[in-house]
Amino acid sequence: MAYQIKPAERQLNLLGALLKNRDGLVWEDVARVDGYNDDLPEKSRRKRFERDLHELRDAGLVIDREPESISRIRYTLNRAACLMPPINLTPEQRLLVFRLGMAYLQDRGAGPLTRHLSTALLKLQAGSGREGLPAVIPPAFIRRSLNRRPAEAELLDQIGNALIERRRVKFPYEARQSEAATRTVAPYCLVSRRGGWYLLGLDLDRQSVRTFRLSRIRGKVSLATPDETAPEYQIPTSFDPEQSFSTGAFGAGENAFEDVAIHFDPDVAFIVQNDFGGTYPLQQHADGSVTMHLAQAYPGEVLRYACEFPGHWRVEGPPALRTYVMQRLQATLDSTKGRA
Amino acid sequence: MSDFAALTSLLSFLTSNRGVTLRDASRATGLKVKEICARLDSLTMCGVPPYSPNDYISYRLIGSGEDAVIEMQFAQHFARPLNFTPQEALALKYALEHFHRGIDPESAQQIDDLTAVLEQALQGRAREALQESPRGFVVPRQTDRMRALMGTLADAVDGRWITEIEYFSSHRGKLGTRRVHPFQILEIGTHFYLYAFCELAGATRHFRLERIRSARATETRFQRVAAGKRDAGRMTALFGGHARENLRVRFSAKVGQDIVDDWRDSPGALLEQLKDGRWDLEVPLYNPVWAIGFLTGFGQEVELLAPTWLKQELAESLRSTLQAHQAG
């Protein structure tokens, strides 16, 4: 049985022929290329060729069509548009590109970026000339990951891919205090907060930018118009995720406490400095302790962070928050006694 | 993206980087050696008319095992890679931005420089994607202290220097000094960890980076451990390691929705709603200190069911925090 050439190999043959023949190809040339030279009728093989041309264009190739006569077209690869210009990278930059690959591509740390990042890095390392690899290849000492919660990984992949492709998505979403409903969204960005991801995007039914917590998506994420292949929207250049969504670690909003001050003793003060130095004002005391000042904070977020340091912290203000926290700690303690 | 895009980019990479070993090609691409070999075999089916032997792409491996050098033949016309697609430009931009948020200052500067070079060099839609797109994956920026610490530790990993760290152990509730053999810096969930062999514990450990007060490389090098031993560490993060027992907790109906959102479909997590609307959650217990913080955050909306010994630890933790408030 004859070898059945796979579509990717056939398309590679076509690209190879286009690259080698700078004057371009006419159908008679294409018909000699493996994958288009089998025994099927010419009409079928021409259709196959047109399909492949379409796929090559989807992959970013620019193939010019120049009619030579009514029935004869010359196909030429637009090399200036298709081939990467020479990119001169310093040895340090080459090393950085290599490190980026090692940091993200192993163990699928890049999540939804993986496929496109992989080919981008290979192209970059090929395009930076001979010896694109660093002279000394270091061990993989940094591993980065976009994944937060394992249960969100698939959703992150689906929505992240749609974001890269600029494709609209739809999904069943259960907002707080309401029934699940299908939402159709043009993804603008993903924001990591409170250990999980949030999608910010244009809600097409409501015609405004909305926030969706990935963990509240119930069911599958799918493309809103699966037959479409081209990008479906543009993100406004004025869009700023920080303005559309509070990315602060302790939250901000209507019911948040204001002018919050939390004291951390010297044993754990450096951890707070590691976490928030330069982000929030930290008042350093002579004994090595620090007071962190927050314009706004939700008590739940304060407790979530500070309770990992039992006995090493206290709320200094406002008094209402201090009372709230103490009551909450006492209530939890009482309930523990009752059940122990 | 098609197999075509993956094959052409690999072909350009291998043609441009003559003499690359299978091992380094694997590290550069994120592909396993077997996958690279399979793709190389696919490439040998490709060629151009008139299909004389020199018109087919071919390769040979010089040497054996993962150290074998890949030598591509008759593929020189693929040496110059295809231009970036907009999607590739975006993926690279997003990855560089993400990398930038948690890396030492020197590397951050290199990222800025590389981005500037790319913005200059790329053309068309790829260039627009790089220049005009807002951030795609927004994560908190690590503080300068953390970035400096990452630089110190990355140098120690790279140089295989035994390193002394001052570390706040949650389990012990105090600072201590340890000598470690640093292997890797890992981002797991929302935290960064130093994965290292700890001489005090006599085993590998994951140290939360923000809990390292200081790190100082000694002048002694350590021997790198065998690859197979790398994963042998106890994982202190929530989603890995070997849990000896389960944490069982009951949440009020008021916070039930939050619990369902956070834990639904999580590996190893069991959720059950009671008739009165409350929710029971059972998860593997890896780290009691994390569990105490988690439970305290919910206050009286949560009831610890098991393990019983954790109730005592939770009560002590609550008492000490209350005392700190009363003393202040």
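Owing to the predicted nature of the structure, the values given are computational and were not obtained by experimental measurement.

Participant: Explain the domain arrangement of chain B here, please?
Facilitator: Many descriptions give the size of an interface as the accessible area lost when the pieces come together. Residues and elements named next belong to chain B. Domain parsing of chain B yields domain 1 (3–78), domain 2 (86–132), domain 3 (144–232) and domain 4 (245–327). Centre-to-centre separation of domain 2 and domain 3, based on C-alpha positions: 29 Å. Contact with domain 2, which involves eight residues of that partner, is made by six residues of domain 3. Summing both sides of the interface, domain 2 and domain 3 together bury roughly 470 Å²; the carbon and sulfur share of this comes to 53%. Counting every contact that joins domain 2 to domain 3 gives zero salt bridges. The interface formed by domain 2 and domain 3 holds two residue pairs in polar contact (both at pLDDT 80 or more) in total. At the level of elements, α4 (86–101) and α5 (105–121) are the ones that each hand at least two residues to the side of domain 2 that touches domain 3. Ranked by residue count, the leading element in the side of domain 2 that touches domain 3 is α4, at three residues. Here the residues of the side of domain 2 that touches domain 3 sort into three nonpolar, three polar and two charged.

Participant: Before we go on, may I ask you to explain the nonpolar core in this structure?
Facilitator: Across soluble globular proteins, nonpolar side chains show a tendency to be buried alongside one another. Within the largest apolar cluster, 86 residues are counted, with the highest numbers of intra-cluster contacts made by A:Leu113, A:Leu117, B:Leu92, B:Leu209 and B:Ile212. In terms of residues, this core owes the most to one element, α4(B), which gives eight residues. In this view, A:Leu113 contacts A:Leu146, A:Ile164, B:Ala91, B:Tyr94, B:Ala95 and B:Phe137; residues no more than four positions away in its chain are not counted. Counting residues in hydrophobic clusters, the runner-up holds 53 residues, among them A:Cys82, A:Phe98, B:Leu31 and B:Tyr51.

Participant: Teacher, can you tell me more about helix α9 (residues 288–298) of chain B here?
Facilitator: Each full turn of the α-helix corresponds to 3.6 residues, which orients residues three or four apart in the same direction. All names here are of chain B. Summarising burial for α9: eleven of the eleven residues are buried, a large majority. If you check which residues of α9 are buried, you get Pro288, Val289, Trp290, Ala291, Ile292, Gly293, Phe294, Leu295, Thr296, Gly297 and Phe298. Once α9 finishes, Gly299 follows within two positions and takes phi at roughly 55°, a positive value.

Participant: Which parts of the structure should I look at to understand the interface of chain B and chain A?
Facilitator: Chain B puts 132 residues into the contact, and the matching count from chain A is 138 residues. Note on chain B versus chain A: buried area summed over both sides is about 12200 Å², and carbon and sulfur give 62% of it. Of all residues in chain B, B:Phe4, B:Arg27 and B:His325 bury the most surface against chain A, accounting for 7% of the area lost on that side. At the boundary of chain B with chain A, the tally comes to ten salt bridges. B:Arg211 is the salt-bridge partner of A:Glu308, the closest N and O atoms lying 2.7 Å from each other. Counting the contacts that link chain B with chain A gives 46 residue pairs in polar contact (both at pLDDT 80 or more). Tallying contributions element by element places helix α1 (residues 3–16) of chain B first for the side of chain B that touches chain A, with 13 residues.

Rules used throughout
Residues numbered from 1 in each chain as written. Chains lettered and ligands numbered in written order. Predicted model: local features only at pLDDT ≥ 70, side-chain atom pairs only at ≥ 80, totals over all residues. Heavy atoms only, no water. Domains from an automatic or database assignment. Contact = heavy atoms within 4.5 Å. Buried area = accessible area lost by both parts, 1.4 Å probe. Salt bridge = Lys/Arg side-chain N within 4 Å of Asp/Glu carboxyl O. Polar contact = N/O pair within 3.5 Å; in protein donor to acceptor, adjacent residues only side chain to side chain. Helix = DSSP H or I, 4+ residues; strand = E, 2+ residues; numbered from the N terminus. Nonpolar A, V, L, I, M, F, W, Y, C, P; charged D, E, K, R; others polar. Core = buried A, V, L, I, M, F, W, Y, C linked by side-chain atoms within 4.5 Å. Buried < 20%, exposed > 50% of the residue type's maximum accessible area, 1.4 Å probe, protein only.

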